[in-house]
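# Examination of the molecular architecture
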Amino acid sequence: MLNAVYGALFEAEHRSTFYVPYWKFPLARWLVPRQRKFHKDLKVINDCLDGLIRNAKETRQETDVEKLQQRDYSNLKDASLLRFLVDMRGDDVDDRQLRDDLMTMLIAGHETTAAVLTWAVFLLAQNPSKMKKAQAEIEQVLGQGKLTFELIKQLKYIRLIVVESLRLYPQPPLLIRRSLKPDVLPGGHKGDKDGYAIPSGTDIFVSVYNLHRSPYLWDNPNEFEPERFLVKRNNEGIEGWSGFDPSRSPGALYPNEIISDFAFLPFGGGPRKCVGDQFALMESTIALTLLLQNFDVELRGSPEEVELVTGATIHTKNGLWCRLKKRSDVH
Ligand code: HEM
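This is a predicted model, so every value here is computed, not measured. (Residues numbered from 1 in each chain as written. Predicted model: local features only at pLDDT ≥ 70, side-chain atom pairs only at ≥ 80, totals over all residues. Heavy atoms only, no water.)

### Here we look at the coordination of the iron atom of the ligand
Protein coordination of the iron atom of the ligand is limited to a single donor, Cys-274 (SG), positioned at 2.3 Å. Structurally, Cys-274 is set in the loop between helix 10 (208–212) and helix 11 (277–294). (Donors = N, O, S within 2.8 Å, 3.2 Å for Na, K, Ca; no water. Helix = DSSP H or I, 4+ residues; strand = E, 2+ residues; numbered from the N terminus.)

Have a look at this one:
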């Protein structure tokens, strides 16, 4: 299943960067090997999701949203999102719609978060002092206890590690837009004073990876420095950028595009911004906290051996092989 999801992601990237949409030709799905593989992958994903939907529908307990929100999810055998959707929507939603929603969650929500955690571990393993600092915070806030929302608010350093990992390895590394009408993009710093004319129908790739590592916007851009997000940074002659200022979004648990005036865009911005951003950040914070609470992590090889590949997200070529040591001093 996971291989099929990766296959679908690779195909999404291929289609967004290829010049001619040859896959639209009727015979392409049978004649072109990579299209044959894509349709095979899609079938694996669809079959799996259809099975889950069938199962959830057979055990449906239809109710209204209010009652669903009051359910005791900690004692529910199946507390999945699918269970929620099926019980809430009853018969008014067809299987295709449910499958599409699940596919969105799987592609948009699963691989992205998994990649963030992978790179957070990769970065921490190379910075043992920062791993120790994170573990000290966990011990102080949590000890051996369980995480609650109130405690997440106190895990300041862990939250910064998550966003710093997203800065260095944004998922996806590119945002894609297509202009619906002719427009002129601003020239920006050191760009053309007259801006850039964009004909209608142009595909535009915004390289979030480059933006997040731009020396104009970040000090030591390639270094892993979670603390950087605490420091205000003024616009030092960077035309059109009003700097980094945490006070712009008071109460935000995580730095965002408003605080950074769009220099930090891990979830996009504007009307098409990620709908799962807060959920994903919280989920990543919890997963990382539990890992560091229980284990010390070391890379098994050298960092250089961990090769990057992209397929909508940035992931490792052959996995991230680590040595985990149970933290017996804590437990
Ligand atoms: C760390 C994890 C995640 C990252 C880095 C991430 C990042 C993004 C980005 C960059 C976009 C595109 C924004 C654009 O094109 O401007 C996006 C869109 C989206 N994301 Fe996420 N995402 C994450 C987790 C999730 C989760 C957990 C969900 C669902 C629960 C989710 C659901 C969506 C959806 C539905 C869209 C499309 C929104 C639209 O086009 O209107 N994402 N995400």
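Read on for the rest.
### Considerations on the site of the ligand
Close to the ligand lie 21 residues; Gln-171, Arg-177, Phe-267, Arg-272 and Cys-274 are nearest. Interatomic distance of 3.3 Å between a backbone N/O atom of Ala-108 and a nitrogen atom of the ligand. Separating an oxygen atom of the ligand from a side-chain N or O atom of Arg-272 is a distance of 2.9 Å. Put simply, the parts of the chain that give the shell around the ligand at least two residues each are helix 6 (95–125), strand 1 (174–178) and helix 11. It is helix 6 that contributes the most residues to the shell around the ligand, seven residues altogether. (Near = heavy atom within 4 Å. Polar contact = N/O pair within 3.5 Å; in protein donor to acceptor, adjacent residues only side chain to side chain.)

### A word on the packing of helix 3 (residues 33–58) against helix 6
Two elements in contact, helix 3 and helix 6, have axes whose closest approach is 10 Å; the angle formed by their N-to-C orientations is 115 degrees. Relative to helix 6, helix 3 is oriented so that their crossing is right-handed. Residues Leu-42, Ile-45, Asn-46, Leu-49, Asp-50, Ile-53 and Lys-57 of helix 3 pack against Asp-95, Leu-98, Arg-99, Leu-102, Met-103 and Leu-106 of helix 6. Across the contact of helix 3 with helix 6, the residue classes break down as eight nonpolar, one polar and four charged. (Axes fitted to C-alpha atoms, helices over the stretch in contact; angles between N-to-C directions. Left-handed = near helix turned anticlockwise from the far one by under 90°. Contact = heavy atoms within 4.5 Å. Nonpolar A, V, L, I, M, F, W, Y, C, P; charged D, E, K, R; others polar.)

### Regarding the pairing of strand 7 (residues 313–316)
Where burial is concerned, the two faces of strand 7 agree: the one with Thr-313 and His-315 and the one with Ile-314 and Thr-316 are both buried. Between strand 6 (residues 308–311) and strand 7, which pair antiparallel and follow one another directly, the connecting turn spans one residue, one of which, Ala-312, has a positive phi of 70 degrees. (Buried < 20%, exposed > 50% of the residue type's maximum accessible area, 1.4 Å probe, protein only. Pairing = 2+ DSSP bridges.)

### Observations concerning unusual backbone geometry
Between Gln-171 and Pro-172 the backbone carries a cis peptide bond, its omega angle lying at 0 degrees. Mapped onto the elements of the fold, Pro-172 is located in the loop between helix 9 (156–168) and strand 1. With a phi angle near 65 degrees, Lys-190 is a residue other than glycine that sits in the positive phi range. Relative to the helices and strands, Lys-190 resides in the loop between strand 2 (183–185) and strand 3 (196–198). With relative accessibility at 65%, the residue Lys-190 sits in the exposed group.

### Describing the pattern of salt bridges
Considering all chains together, one arrives at 26 salt bridges under this definition. When the shortest N-O distance is used, the salt bridge between Lys-37 and Asp-41 registers 2.7 Å. A residue pair is termed a helical-turn pair when its members lie 3 or 4 positions apart in one helix, as Lys-37 and Asp-41 do in helix 3 at four residues. Residue classification places Lys-37 among the partly exposed positions, given a relative accessible area of 45%. Salt-bridge contacts for Arg-323 lead to Glu-298; the nearest nitrogen and oxygen are separated by 3.3 Å. Taken as a pair, Arg-323 in strand 8 (residues 322–326) and Glu-298 in strand 5 (residues 295–299) lie far apart in primary sequence, 25 residues in all. (Salt bridge = Lys/Arg side-chain N within 4 Å of Asp/Glu carboxyl O.)

### So, the nonpolar core
Counting 47 residues, the largest nonpolar core has Ile-161, Leu-288 and Leu-292 as the members making the most contacts within it. Elements supplying a minimum of two residues to this core: helix 6, helix 7 (128–141), helix 8 (149–154), helix 9, helix 11 and strand 5. Excluding residues that lie within four positions of it along the chain, Leu-292 makes contacts with Leu-124, Met-131, Ala-134, Gln-135, Ile-138, Ile-158 and Arg-327. Formed by 16 residues, the second largest nonpolar core is a distinct cluster that contains Leu-49, Leu-85, Leu-98 and Met-103. (Core = buried A, V, L, I, M, F, W, Y, C linked by side-chain atoms within 4.5 Å.)

### Concerning the packing of helix 1 (residues 2–17) against helix 3
The geometry of helix 1 relative to helix 3 is characterised by a closest axis approach of 9 Å and an angle of 135 degrees between their N-to-C directions. Here helix 1 lies oblique to helix 3, going by the angle between them. Between helix 1 and helix 3 the crossing geometry is left-handed. From helix 1, Ala-4, Val-5, Gly-7, Ala-8, Phe-10, Glu-11, His-14 and Arg-15 reach across to helix 3, where they touch Arg-34, Gln-35, Lys-37, Phe-38, Asp-41, Val-44 and Ile-45. Residues that form the contact of helix 1 with helix 3 fall into these classes: seven nonpolar, three polar and five charged. (Parallel < 35°, antiparallel > 145°, perpendicular 65-115°, else oblique.)

### Here's the deal with the environment of Ile-198
Along the chain, Ile-198 turns up in strand 3. Each C-alpha atom of the pair Ile-198 and Val-275 lies 28 Å from the other, and the pair is 77 residues apart in sequence. For Ile-198, the residues in contact, after removing those within four places along its chain, are Ser-179, Lys-181, Pro-182, Asp-183, Leu-185 and Ile-204.

### Points about helix 11
In this model helix 11 runs 26 Å from its N-terminal to its C-terminal C-alpha over 18 residues, within 8% of the 26 Å that 1.5 Å per residue would give. Within helix 11, the full set of buried residues consists of Asp-277, Ala-280, Leu-281, Met-282, Ser-284, Thr-285, Leu-288, Thr-289, Leu-292, Gln-293 and Asn-294. Lining the buried residues of helix 11 we find helix 6, helix 7, helix 8, helix 9, strand 5 and strand 8. (Expected span 1.5 Å × (residues − 1).)

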